[in-house]
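# Summary of the model geometry
Spelled out, the chains give:
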Amino acid sequence: MTVFKGYMKIIKRNLGYMALYLGVFLSIMLMMYGFSSQGNTSGSVYQSTRLTIAVIDQEKSVFSKGLIQCLSRKHDVITETVDRELLAEKLYYEDLDYMLQIPEEAESQIMEGKAVMEVTKRPGDGMYRGLYADMEVDTYLNTYCTYRRIGLDEETAVEKTLYVMEQEAQVEIRNAAGHGTETALYHYYYRYLPFPLLYALCYVVSYVLNNFNRKEIERRINSSGVSVFRQGLQGILALGLLCAATYLFLMILPIGLYGRELLKDVHLGYYIMNSACMVLVAASIAYLVGNVVKDSMAVNGLTNVIALGMCFLCGTFVDLDIMSKGVKTAAQFFPVYWYENANILLYEFSTLTSEQSQEVWLGFGIQIAVSLVCMSVALIIRRKRVSED
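Here the residue numbering is sequential within each chain, running from 1 through the sequence in written order. Residue-level local features of this predicted model are given only where pLDDT is at least 70; pairs of side-chain atoms are given and counted only at 80 or more, and the full residue set underlies all totals for whole chains, interfaces and linings. Side-chain measures here rest on the full set of heavy atoms in the structure, leaving out hydrogens and waters.

### A short note on the overall build of the chain
A tally of regular secondary structure across the chain gives 17 helices and four strands. A 1.4 Å probe rolled over the protein chains alone gives each residue an accessible area, and that area as a share of the maximum for its type sets the label: buried under 20%, exposed over 50%, partly exposed in between. Each of the 389 residues in the chain was classed as buried or not, and the buried ones make up 43%. Contacts between residues were defined by any pair of non-hydrogen atoms, one from each residue, lying within 4.5 Å. The contacts of the chain with a sequence gap of at least 6 include a subset with a gap of at least 24, amounting to 76%. Shrake-Rupley sampling with a 1.4 Å probe provides the accessible areas, and residues are treated as covered by the protein chains on show and by no other component. Taken as a whole, the chain presents about 20,900 Å² of accessible surface, with 58% of it coming from carbon and sulfur. Helical segments are the DSSP runs of H or I of at least four residues, strand segments are the runs of E of at least two, and each set is numbered from the N terminus.

So, in C-alpha cells, the structure goes:
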C-alpha cells in the first residue's frame, strides 16, 4: 500500500484548500441562518413601502382632502410646500418619491372621465415607487366615482371610499411542499452544494495527481514491484476515502444547522442520494482535470471555469426560472443542471407524481453517467501516458 500512503500524505498537505472553500460555504450558510432567525416571523409575505409624497391641493374640497387622508395612512404626505420648482428639486435629489397636483374643479372633471391629476415621479428606480403611488390614487378615484354614480353625496362617498381603502385582505401563500410562507433554509444549502464540492475536490484531487504524474515520480513507481493496475487502484481508493469523508461531513453539517426541520422532510433520502451523485460528478471531473492538466496554474484557471461556469449556467447561483429557453437548453448538457432540477422538484412538491419521480431518477442517472464517462476518459488518458513512458 505504498502508493496509497503516498496519496494520503499529499492529501493531508492540501487539506487547507478544501477547508478554505468548505469554510466559506459554511460561513454563508450560517449567515443565512442568522438572518432568517432575526427576520420576519409573523408569516406575512409582503410589506408595503412607505413613500414620501407631496400633494399640491388647489381644489381644497372634501374630495381632495379625502384623497390626502387616504394617502397619509400608508405614506408620509407633505402639503405645506406648493412651490413646484422646490419640489422638483427634492425629487431630483431623492428626498421625495412622488408629487401630485390636484387642480381646481378636479372632482367634477374626474366624474366626466377626464384625467386631470398632474403627477411627477422620481427618476430612475423611483419610477417603480411611482407606480405604487399611482395604484393608490387610481383606486381612490375609481372607488369614489363608483359611489358618486350611485347617487351618494360627496361627503358620504369620501367616507365610504376611505372605509374601503383601509380594508386589507389576509393572504397566505403555501407551496405544494407545505413550507408555508417561509423558505426552508436547507433548500439553499443543497442548492449551493455543487460550488464547494467542485472547487474543493478539483483543487485537492488535481494537486495530488499533479504530484504523482510528474515523470520522475511515475518512473520511480513504475520501476518498483507495483503494477500499473494496483497503482491506479490504490490511488482511486485514497481519493475515494477523501470524497467519502467530504460527503459524510457535508451530510452531517445540515443536520446540525437545521435539525428537526430537515429530518422531517419526506424527501430527505432523495436529497442524500442527489448529493451523493453530485459528489461522484465532482470527483470524476476532478480526476479528469488532474490527469489532463499538468501545471498548477492551469488547474486554478480550469477549476474556476468549470465550477463558476456550471454553477452560473445550471441554476446554482441564478434561478432557472429567469433564464432564457436557450440557456436552459445548453445547461441540460451539464450534470449540475440535473442536480438542481431534482432539488427544485423535491423542494416544491411533498408528494411526487410518477412523472416527477421519473424526472428525479433521470437526474440521478445522468449525473452517474457523466461521472462514469469522465472517469473512463481519465483512466484511458492515464493508461496511455504510463504506457508511453
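### Remarks on the pattern of salt bridges
In the sections that follow, a salt bridge refers to a side-chain nitrogen of Lys or Arg positioned within 4 Å of a carboxyl oxygen of Asp or Glu. Evaluated as defined, the whole model comprises nine salt bridges. Here Lys121 and Asp134 are joined by a salt bridge, their closest N and O atoms 2.5 Å apart. With Lys121 in strand E4 (residues 118-121) and Asp134 in helix H6 (residues 126-149), this residue pair connects regions lying 13 residues apart in the sequence. Given a relative accessible area of 23%, Lys121 falls into the partly exposed group.

### What about unusual backbone geometry?
Among all residues except glycine, the phi angle is most often negative; among peptide bonds, the trans geometry is most common. Positive phi, normally seen in glycine, also occurs at Lys60, with a value near 55 degrees. As for its placement among the helices and strands, Lys60 is situated in the loop between strand E1 (52-57) and helix H3 (62-72). The phi dihedral of Glu94 falls on the positive side, at around 65 degrees, and the residue is not glycine. In this fold, Glu94 is placed in the loop between helix H4 (84-92) and strand E3 (98-102).

### A closer look at a nonpolar patch on the surface
The patches reported here contain residues having more than 30% relative accessible area and no salt bridge. Joining distances are 9 Å for like charges and 5 Å for nonpolar side chains (Val, Leu, Ile, Met, Phe, Trp, Tyr). Taken together, the side chains of Leu20, Val24 and Ile28 define a hydrophobic patch exposed on the protein surface, amounting to about 250 Å² of accessible area. One can find Leu20 in helix H2 (residues 15-38).

### Overview of the sheet that holds E3
Note on sheets: strands pair through backbone hydrogen bonds, and any given pair is parallel or antiparallel. What makes two strands pair is DSSP finding at least two bridges between them. In space, the four strands of this open sheet follow the order E2-E1-E3-E4, with mixed pairing throughout. A strand with exactly one partner marks an edge of an open sheet, and here the two such strands are strand E2 (76-78) and E4. Each adjacent strand pair in this sheet contributes to an overall mean axis angle of 20 degrees, direction not counted. Bridge count for E1 against E3 is five bridges, and the pairing is parallel. Of the residues in E3, the one forming a bridge with Val55 is Leu100. In this description, a line fitted to the C-alpha atoms serves as the axis of each element, helices being fitted only across the stretch in contact, and the angle between N-to-C directions of two axes falls anywhere from 0 to 180 degrees. H3 rests against E1, E2 and E3 of the sheet, and its axis sits at about 175 degrees to E1. Packed on one face of the sheet, H4 meets E1, E3 and E4 and runs near 155 degrees to E3.

### As for the confidence of the model for the chain
Regions with low pLDDT should not have their predicted coordinates read in detail. The pLDDT score gives, residue by residue, the confidence of the prediction method on a 0 to 100 scale. On average, residues of the chain score 82 in pLDDT, and 85% of them are at 70 or above. Below a pLDDT of 50 lies the segment residues 40-45, which in the model reaches six contacts outside its immediate sequence neighbourhood of four places, other chains included.

### Some words on the packing of helix H8 (residues 185-192) against helix H9 (residues 194-212)
Where H8 meets H9, the closest approach of the two axes is 5 Å, and the angle between their N-to-C directions is 30 degrees. Facing Tyr190, Arg191 and Tyr192 of H8, the residues of H9 in contact are Pro194, Phe195 and Pro196. Ten residues, namely Ala, Val, Leu, Ile, Met, Phe, Trp, Tyr, Cys and Pro, are considered nonpolar, four, namely Asp, Glu, Lys and Arg, are considered charged, and the remaining ones, Gly among them, are considered polar. Split into classes, the residues belonging to the contact of H8 with H9 amount to five nonpolar, no polar and one charged.

### Topic: H8
Counting buried residues in H8 gives six out of eight residues, a clear majority hidden from the surface. Every buried residue of H8 is listed here: Leu185, Tyr186, His187, Tyr189, Tyr190 and Arg191.

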